[in-house]
Amino acid sequence: MGAAALELVMTLKDEASGKLDDIKGKFGGVNVSALALGAGAVVAVGALAAGLSSCVEAAKEEEVGMKRLETAVSGTGASWEAAGGEIETYLAAQTKRTALDDGEGRAAMTKLTMATGDYKKAMDLLPVAIDLAAARNIDLGTAADIVGKVHNGNTGILAKYGIEVADTTELG
């Protein structure tokens, strides 16, 4: 719970307790059950406010992630208006297929788009990053960084994660 939400709950509880004590004194303890019910309602309202605060924070984080992806796509020269719907549809499908969190998916797409300079190529590479994250038990952001670096020719980074690549120079 955020500090502001906790402060709000504590303030509401303190104010309600004082008012309830005044009422209790006036009624001589006749209806203590009603007072307890009122106190419970105040706590519930405070918890609801804290929950709403968490939802607002999550929505802000989601918006920031979407804006970062938009900036990355636009930075490649592609139109976000044209690409945005395609990317969101793709991420929704990946979310269903792999239990991917769409916020993590957007962050990985942002990294891959920046690494490849092409959002369509990033969409091709995202499943590779998802598989790498699962296979090596690393977060998707790290996996996207690795896949982006390998795409750009840095295969040496794979050894750091215990992935051996066969020498293919003699196969041709």
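Provided above is the structure to which this section pertains.
Peer 1: Any details on the overall build of the chain? Residues and values, ideally.
Peer 2: Assigned secondary structure in the chain consists of 7 helices and 0 strands. Ordered by position in the sequence, the α and β elements of the chain form the string α-α-α-α-α-α-α. The buried share of the chain, reckoned over its 172 residues, is 26%. For the chain, restricting intrachain contacts to residue pairs at least 6 apart in sequence, the fraction spanning at least 24 positions comes to 53%. Working note: accessible area of the chain is about 10,800 Å², and carbon and sulfur atoms make up 58% of it.

Peer 1: Requested: an account of the environment of Lys121, with residues and values cited.
Peer 2: Here Lys121 lies in helix α5 (residues 119-136). What makes Lys121 partly exposed here is its relative accessible area of 32%. Not counting residues within four places of it along the chain, the set of residues in contact with Lys121 comprises Thr116 and His151.

Peer 1: Break down the pattern of salt bridges for me, citing the residues and quoting the values.
Peer 2: Tallied over the full model, the rule gives 4 salt bridges. Here Glu88 makes a salt bridge to Arg106, at a shortest N to O gap of 2.7 Å. On the criterion of sequence distance, the pair formed by Glu88 in helix α3 (residues 80-98) and Arg106 in helix α4 (residues 102-116) is long-range, its members being 18 residues apart. For Glu88, a relative accessible area of 23% translates into the label partly exposed. Overall, the relative accessible area of 4% leaves Arg106 in the buried class. The closest approach of N and O atoms between Lys111 and Asp145, which form a salt bridge, is 3.3 Å. One end of the pair, Lys111, is in helix α4; the other, Asp145, is in helix α6 (residues 140-151), and 34 residues separate them in sequence. When its relative accessible area of 33% is taken as the criterion, Lys111 is described as partly exposed. Judged by its relative accessible area of 34%, Asp145 is partly exposed.

Peer 1: Describe the environment of Ala122, with residues and values.
Peer 2: Structurally, the position occupied by Ala122 is in helix α5. By relative accessible area, which is 0% here, Ala122 ends up buried. Distance in space between the C-alpha atoms of Ala122 and Val147 is 9.7 Å, their sequence separation being 25 residues. In contact with Ala122, other than residues within four places in its own chain, are Met109, Leu112, Thr113 and Thr116.

Peer 1: So, the side chain of Thr110: which residues are in play, and what are the values?
Peer 2: Along the chain, Thr110 falls in helix α4. A relative accessible area of 10% places Thr110 in the buried class. In this view, Thr110 contacts Arg68, Leu69 and Ala72; residues no more than four positions away in its chain are not counted.

Peer 1: Please set out α3 residue by residue, giving values where relevant.
Peer 2: Its 19 residues place the ends of α3 25 Å apart at the C-alpha level, agreeing with the 27 Å of an ideal helix rising 1.5 Å per residue. Looking only at α3, the buried set comprises Trp80, Ala83, Gly84, Ile87, Tyr90, Leu91 and Gln94. What you see down the axis of α3 is that its buried residues fit within an arc of 145 degrees, all on one side. In α3, the exposed positions angled more than 90 degrees off the buried face are occupied by Glu81, Ala82, Thr89 and Lys96. At the exit of α3 stands Ala99, carrying a positive phi of roughly 60 degrees.

Peer 1: Summarise the nonpolar core; cite the residues concerned and give the values.
Peer 2: By size, the foremost hydrophobic cluster in this structure holds 28 residues, and its most contacted members are Ile87, Met109, Leu112 and Leu126. Secondary structure elements with two or more residues in this core: α2 (32-75), α3, α4, α5, α6 and α7 (157-160). The dominant element in this core, judged by the number of residues it contributes, is α5, at 9 residues.

Calculation notes
Residues numbered from 1 in each chain as written. Predicted model: local features only at pLDDT ≥ 70, side-chain atom pairs only at ≥ 80, totals over all residues. Heavy atoms only, no water. Helix = DSSP H or I, 4+ residues; strand = E, 2+ residues; numbered from the N terminus. Buried < 20%, exposed > 50% of the residue type's maximum accessible area, 1.4 Å probe, protein only. Contact = heavy atoms within 4.5 Å. Areas by Shrake-Rupley, 256 points an atom, 1.4 Å probe, with all protein chains shown as cover. Salt bridge = Lys/Arg side-chain N within 4 Å of Asp/Glu carboxyl O. Expected span 1.5 Å × (residues − 1). Arc of directions from axis to C-beta. Core = buried A, V, L, I, M, F, W, Y, C linked by side-chain atoms within 4.5 Å.

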